[in-house]
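# Results of the structural survey
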Amino acid sequence: MQIRLGSFFAVLVGMALWEVLAPRRSPVSSRAVRWANNLALVAVNTLLLRLVFPAAAVGVAIFVDQQGWGLFNYYRLPGVVSGVLSVLALDLVIYLQHVMVHAVPLLWRLHRVHHADVDFDVTTGIRFHPFEILVSMLIKAAAIVVLGAPVAAVLVFELLLNASSLFNHGNVRMPVKVDRVLRWLVVTPDMHRVHHSVEDDETNSNFGFNLPWWDRLFGTYRDQPRAGHLAMTIGIHTFNEPRLVAWLPGLLMIPFVGRISDYTINRRNWEPPAGPQR
Ligand SMILES: [Zn+2]
Ligand SMILES: [Zn+2]
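An account of the accompanying structure is given in this report.

Looking now at helix α6 (residues 105-115). Across the 11 residues that make up α6, a large majority, 10, are buried. Buried residues of α6: Pro 105, Leu 107, Trp 108, Arg 109, Leu 110, His 111, Arg 112, Val 113, His 114 and His 115, and no others. Elements in contact with the buried residues of α6: α2 (31-52), α5 (79-103), α7 (130-147), α10 (189-195), α11 (200-203) and α14 (248-253).

Printed below as a string of structure tokens:
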């Protein structure tokens, strides 16, 4: 817990400084309001997780290890090998989960909270509805049980995922050449920003949070936004009311707003949007 909190705050402060010193885009809404409310949501989520899942993912891994459950407890491989394979497998699960929450209408309702942010910065990276956090935790726990993932690997994965989520949502500028090289190793802010576009085809691209390879492998990779990083619009077409997209009560209400299935795989209307919709 202390290692997680320590690394979380270190990366958060580091990214926030980088955003002040070399911002990529100028914000379209009040940063003070967004920061206060996005961080308040993080506090709600942290408290909720402590109540529902006090042991967290690492606790699940310790339990699984004691029980001798899972693939890597049946097939004993060298620690490094099962560790690396576990981190890779968990990252693939998170990628597939991200595709799923975009595809299934009810789950998209939860995930809209992350996408309704009208700006894209380090606090967007930790802005999720509490229910999505719980769904995500259950899926991760199930993956750890099936894998029998080593405790150290789960801890490393948690730290990596936390740090990379803060990093790849950063409103930070870096040389294009650096971004090009870095993109082969980790999801960069320019790569993930495409995913936060209001355009449907761009939103449904670049689902990776940590490793960039899954998008290239599964065909969901998109290089750049059509409008360019400075001119593109961030958010969801119909979600621009500050009361809903910036303030905590609105963020908690987003899953319950509007009719069911007006987006995602079973939507009725596949015409290009004529006006504001979805
Ligand atoms: Zn998404
Ligand atoms: Zn995101």
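Structure's up, so let's keep going.
Angle between the axes and distance between the axes: these two values describe a pair of packed helices. Contact geometry of α2 with α7 gives a least axis separation of 10 Å together with a crossing angle of 45°. When the interaxial angle is binned, α2 and α7 end up oblique. Crossing of α2 over α7 shows right-handed handedness. Of α7, the residues touching α2 (which contributes Leu 41, Val 44, Asn 45, Leu 48, Leu 49 and Val 52) are Pro 130, Ile 133, Leu 134 and Met 137. Taken together, the residues that form the contact of α2 with α7 break down as nine nonpolar, one polar and no charged.

This part takes up the packing of helix α3 (residues 56-67) against α7. The geometry of α3 relative to α7 is characterised by a closest axis approach of 9 Å and an angle of 25° between their N-to-C directions. In this view, α3 runs roughly parallel relative to α7, as classed from their interaxial angle. Every pair of crossing elements has a handedness; the one defined by α3 and α7 is right-handed. Residues Ala 56, Ala 57, Val 60, Ala 61 and Val 64 of α3 form the contact with α7, whose own contacting residues are Met 137, Ala 141, Ile 144 and Val 145. In terms of residue class, the contact of α3 with α7 is built from nine nonpolar, no polar and no charged.

This next bit is on the coordination of the zinc ion (ligand 2). Distances from the zinc ion (ligand 2) to its protein donors, His 114 (NE2), His 169 (NE2), His 192 (NE2) and His 196 (NE2), fall within 2.1 Å. For the zinc ion (ligand 2), the four donor atoms in the first shell make angles of 89 to 162° at the metal, so the coordination geometry reads as irregular.

Side chains that are nonpolar tend, in soluble globular proteins, to be buried together. Counting 22 residues, the largest nonpolar core has Leu 90, Ile 144, Val 154 and Phe 157 as the members making the most contacts within it. Secondary-structure elements contributing two or more residues to this core are α3, α5, α7 and α8 (151-168). Excluding anything up to four places from it in sequence, Val 154 contacts Ala 57, Val 58, Ala 61, Leu 90, Ile 144 and Ala 149. One finds Met 15, Trp 35, Val 42 and Val 186 within the second-largest nonpolar core, a separate group that totals 13 residues.

Moving on, we come to the environment of Gly 79. Looking at the element boundaries, Gly 79 is found in helix α5. Here the alpha-carbon distance between Gly 79 and Tyr 221, two residues 142 residues apart in the chain, equals 32 Å.

Surrounding the zinc ion (ligand 1) are the protein donor atoms His 98 (NE2), His 102 (NE2), His 111 (NE2), His 115 (NE2) and His 195 (NE2), which sit 2.1 to 2.2 Å from the metal. Read N to C, the donor residues that coordinate the zinc ion (ligand 1) are spaced as H-x3-H-x8-H-x3-H-x79-H. Between the zinc ion (ligand 1) and the zinc ion (ligand 2) the interatomic distance comes to 5.4 Å. Here the residue His 111 occupies a position in helix α6, and His 195 occupies one in helix α10, the gap between them amounting to 84 residues.

What counts, and where the lines are drawn
Residues numbered from 1 in each chain as written. Chains lettered and ligands numbered in written order. Predicted model: local features only at pLDDT ≥ 70, side-chain atom pairs only at ≥ 80, totals over all residues. Heavy atoms only, no water. Buried < 20%, exposed > 50% of the residue type's maximum accessible area, 1.4 Å probe, protein only. Helix = DSSP H or I, 4+ residues; strand = E, 2+ residues; numbered from the N terminus. Contact = heavy atoms within 4.5 Å. Axes fitted to C-alpha atoms, helices over the stretch in contact; angles between N-to-C directions. Parallel < 35°, antiparallel > 145°, perpendicular 65-115°, else oblique. Left-handed = near helix turned anticlockwise from the far one by under 90°. Nonpolar A, V, L, I, M, F, W, Y, C, P; charged D, E, K, R; others polar. Donors = N, O, S within 2.8 Å, 3.2 Å for Na, K, Ca; no water. Tetrahedral: all angles 85-135°; square planar, octahedral: opposite > 155°, others 65-115°. Core = buried A, V, L, I, M, F, W, Y, C linked by side-chain atoms within 4.5 Å.

So yeah, pure geometry; function would need other evidence.
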